[in-house]
Amino acid sequence: MTMEFKPFTFRSPRIVFKRSSWKDITKICEEFGKKGLLITGNTVKTKSGAFPEIMNEFTSKGVAVAEIIREGKEPTTREVDAIASTIKKDGYDWILGIGGGSTLDLAKAASGLARNEGSSADYQGGKDLVRDGVPFIAVPTTAGTGSEITNNAVLINEEKRLKLSIRGDKMMARVAVFDPVLTRSMPPQVTAYTGLDALTQAIEAYVSKASNPMADLLAERAIEAIWGSLFNAFRNGNDLNAREQMLYGSLLSALAFSNAKLGAVHGFAHPIGVLHAIPHGLICGVLLPHVMRFNLAGNIHDVTRKYGWIGRKMIGKSGRESLSDVELANMAINSIFDLLESMRLPTRLAGLGLKADDFPAILDETKGSSLQNNPRDTSRELLEKILKDAL
Ligand SMILES: [Fe+2]
């Protein structure tokens, strides 16, 4: 019997993963020219000890760097358009983004738009970026969103009151610099939220309809790395080994989902995030075990087997070899509920302040590619059932 081998294309920026690699940032930026723009968050600028040193090094190398310092809120199409026109006007050789997913999405979209026509909202409708963006160097300070790896940016469209993606390889980072030292300043809550996002992304990519053999490998290693370190990183932010494993797991998760797509958790997460202003990773973490339960009930061989694999990793080996994949899959789901509780987070949508009355509006906006790649097919009725069961 010949096995069908799923064909795939794999995309990724250049990756630098090293403790204290913040010291290499100026050299990397200089490869692209002598005039750059730094986009970062207020918290990164004020809290990171690395920040003044990086700026001093740029000055001593004769590299001119303008700064945009912003609050860590989620970016809007208007904000991107304003920064893109500044980049067009002032002509920067490169854009350096240092921060969490919001800052990196903003910097990525602005660097892409700066070399293309029109406004960012035009590209949310599926219009393609024609020209390569201004070279973008991405430095994550959280371990979870994956923006430094992906070819999309999620932007709030205020007119439509929706979170929509701009997508295109032409705006993907040229270099992604991973330094666990920079993630140490993340408070426990942000560690939990972003870590749950990374875990969700890895699990959704693993069972996605668009999964492929190479992405599966990455998803498996991502799940192991995140599962083994998230609670420790949450409990003790200075545990550099846990921070490093989380950042590594987040990198692998991002490589997996940017090549294998996501599922129903992310299908729900964007409309819920816009309508109720709840942090993305928290929504993902709460919905993940409920969506897994729904997918498992679909009785799809590959999903049961993969969830079973996850369960085995989560509970460890100790005498559980005889358990079936379904039993192991249920253990994976219960282990995720336990993790949420151990981080003092809600396990149900009511705990996020949602009510059944909120569901119609959420369901109206739950659509898009994440749903299409969910391993079990959905309908409005089934999606409503997931939400009700999760309430
Ligand atoms: Fe996510």
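Quantities reported herein were computed from a predicted structural model and do not represent experimental measurements. (Residues numbered from 1 in each chain as written. Predicted model: local features only at pLDDT ≥ 70, side-chain atom pairs only at ≥ 80, totals over all residues. Heavy atoms only, no water.)

Looking at this structure, how should I read the coordination of the iron ion?
Tetrahedral coordination by four donors puts the ideal angle at the metal at 109.5 degrees, and octahedral coordination by six puts it at 90 or 180 degrees. Protein-derived coordination of the iron ion comes from Asp197 (OD), Gln201 (OE1), His266 (NE2) and His280 (NE2), at a distance range of 2.1 to 2.2 Å. Classification of the site at the iron ion as irregular follows from its four donor atoms and the range of 82 to 156° in their angles at the metal. (Donors = N, O, S within 2.8 Å, 3.2 Å for Na, K, Ca; no water. Tetrahedral: all angles 85-135°; square planar, octahedral: opposite > 155°, others 65-115°.)

Any chance you could explain the domain arrangement of the protein here in plain terms?
Many descriptions give the size of an interface as the accessible area lost when the pieces come together. Partitioning the protein into domains gives domain 1 (14-183) and domain 2 (188-390). Taking the mean C-alpha position of each, domain 1 and domain 2 sit 27 Å from one another. Residue-level contacts link 22 residues of domain 1 with 24 residues of domain 2. For the pair domain 1 and domain 2, the summed buried area comes to about 2,100 Å², and 67% of that belongs to carbon and sulfur atoms. Of all residues in domain 1, Arg19, Ala143 and Lys163 give up the largest surface area on contact with domain 2, accounting jointly for 26% of the area buried on that side. The tally of links from domain 1 across to domain 2 stands at one salt bridge. Across the pair glutamate 244 and arginine 19 runs a salt bridge whose closest N-O atoms are separated by 3.0 Å. The interface formed by domain 1 and domain 2 contains five residue pairs in polar contact (both at pLDDT 80 or more). Counting residues per element, the ones that place at least two in the side of domain 1 that touches domain 2 are strand S1 (14-17) and strand S7 (162-167). Per-element tally for the side of domain 1 that touches domain 2: the top contributor is S7, with three residues. (Domains from an automatic or database assignment. Contact = heavy atoms within 4.5 Å. Buried area = accessible area lost by both parts, 1.4 Å probe. Salt bridge = Lys/Arg side-chain N within 4 Å of Asp/Glu carboxyl O. Polar contact = N/O pair within 3.5 Å; in protein donor to acceptor, adjacent residues only side chain to side chain. Helix = DSSP H or I, 4+ residues; strand = E, 2+ residues; numbered from the N terminus.)

Please explain the pattern of salt bridges as it appears in this structure.
Pairing of side chains with opposite charge becomes possible as their charged atoms draw close. What the rule picks out here adds up to 26 salt bridges. Where arginine 78 meets glutamate 159, a salt bridge forms, and the shortest distance between an N and an O atom there is 2.7 Å. Of this pair, arginine 78 sits in helix H4 (residues 77-90) while glutamate 159 is found in the loop between strand S6 (152-157) and S7, placing the two residues 81 residues apart along the sequence. Put simply, aspartate 377 and lysine 209 hold a salt bridge, and the shortest N to O gap is 2.4 Å. Here aspartate 377 is found in the loop between helix H15 (369-372) and helix H16 (380-390), whereas its partner lysine 209 is found in the loop between helix H7 (188-207) and helix H8 (213-235), with 168 residues between them in sequence. Owing to a relative accessible area of 53%, aspartate 377 belongs among the exposed residues under this scheme. Classification of lysine 209 by relative accessible area gives partly exposed; the value is 38%. One continuous salt-bridge network, built from bridges that share partners, spans Glu30, Lys34, Glu57 and Lys61. (Buried < 20%, exposed > 50% of the residue type's maximum accessible area, 1.4 Å probe, protein only.)

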